[in-house]
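Descriptive structure summary
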Amino acid sequence: MSYDRVEGRWKYVSMDTRFPAGIMPAWSFGGEEDGKISLLFEPLGFVGFGPEVEGRFTASDFIISRDGDNHEVAEQHFLQANGSGKQWLAVRYDYTRQQP
């Protein structure tokens, strides 16, 4: 992840090995606000979980929050194009820096 000073926004690239999405670029619409960085991933065709193949369009975000120098939470939310308009928490990473 890096901040592009020319564009005034964060850029992030992820490579997910849990499903065949390949390289997943994301970017913000601006800088950090109130200890949060909000990124949007490039939409993808999500094949589904298990033996069922769905092939639905999926949008997702990635929100990184800091509440101090030693604690960060990163959450990824999914929104599938299934007509429900319902977004859900797909992944949550909670990082705490251990003191020596």
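So, a few notes on the structure that sits alongside this text.

About the thresholds
- Residues numbered from 1 in each chain as written.
- Predicted model: local features only at pLDDT ≥ 70, side-chain atom pairs only at ≥ 80, totals over all residues.
- Heavy atoms only, no water.
- Phe/Tyr/Trp six-rings, centres within 6.5 Å; stacked < 30°, edge-to-face > 60°.
- Helix = DSSP H or I, 4+ residues; strand = E, 2+ residues; numbered from the N terminus.
- Buried < 20%, exposed > 50% of the residue type's maximum accessible area, 1.4 Å probe, protein only.
- Salt bridge = Lys/Arg side-chain N within 4 Å of Asp/Glu carboxyl O.

Okay, the packing of aromatic side chains next. Overall, the coordinates contain 6 aromatic pairs when judged by the stated rule. Note on phenylalanine 78 and tryptophan 88: the rings are 5.8 Å apart at their centroids and 75° apart in plane angle, and the pair reads as edge-to-face. Highlighted residues: phenylalanine 78 in strand 7 (residues 71-80) and tryptophan 88 in strand 8 (residues 87-96), separated in sequence by 10 residues. Residue phenylalanine 78 is classed as buried on the basis of its relative accessible area, which comes to 8%. Given a relative accessible area of 32%, tryptophan 88 falls into the partly exposed group. Arranged with centres 6.2 Å apart and planes meeting at 15°, the rings of tyrosine 93 and tyrosine 95 form a pair that is stacked. For tyrosine 93, a relative accessible area of 34% translates into the label partly exposed. According to the relative accessible area criterion, tyrosine 95 is partly exposed, its value standing at 45%. Aromatic ring contacts, followed pair by pair, group Tyr12, Phe41 and Phe62 into a single cluster.

Counted by the stated rule, this structure contains 6 salt bridges. With a shortest N-O distance of 3.1 Å, lysine 11 and aspartate 4 are connected by a salt bridge. The exposure class assigned to aspartate 4 is buried, which follows from its relative accessible area of 19%. Linking aspartate 94 and arginine 92 is a salt bridge whose minimum nitrogen-to-oxygen distance equals 3.4 Å. According to the relative accessible area criterion, aspartate 94 is partly exposed, its value standing at 42%. Among the residues examined, arginine 92 registers a relative accessible area of 45% and is labelled partly exposed. Ionic contacts of the salt-bridge type, sharing partners, join the residues Asp4, Glu7, Arg9 and Lys11 into one network.

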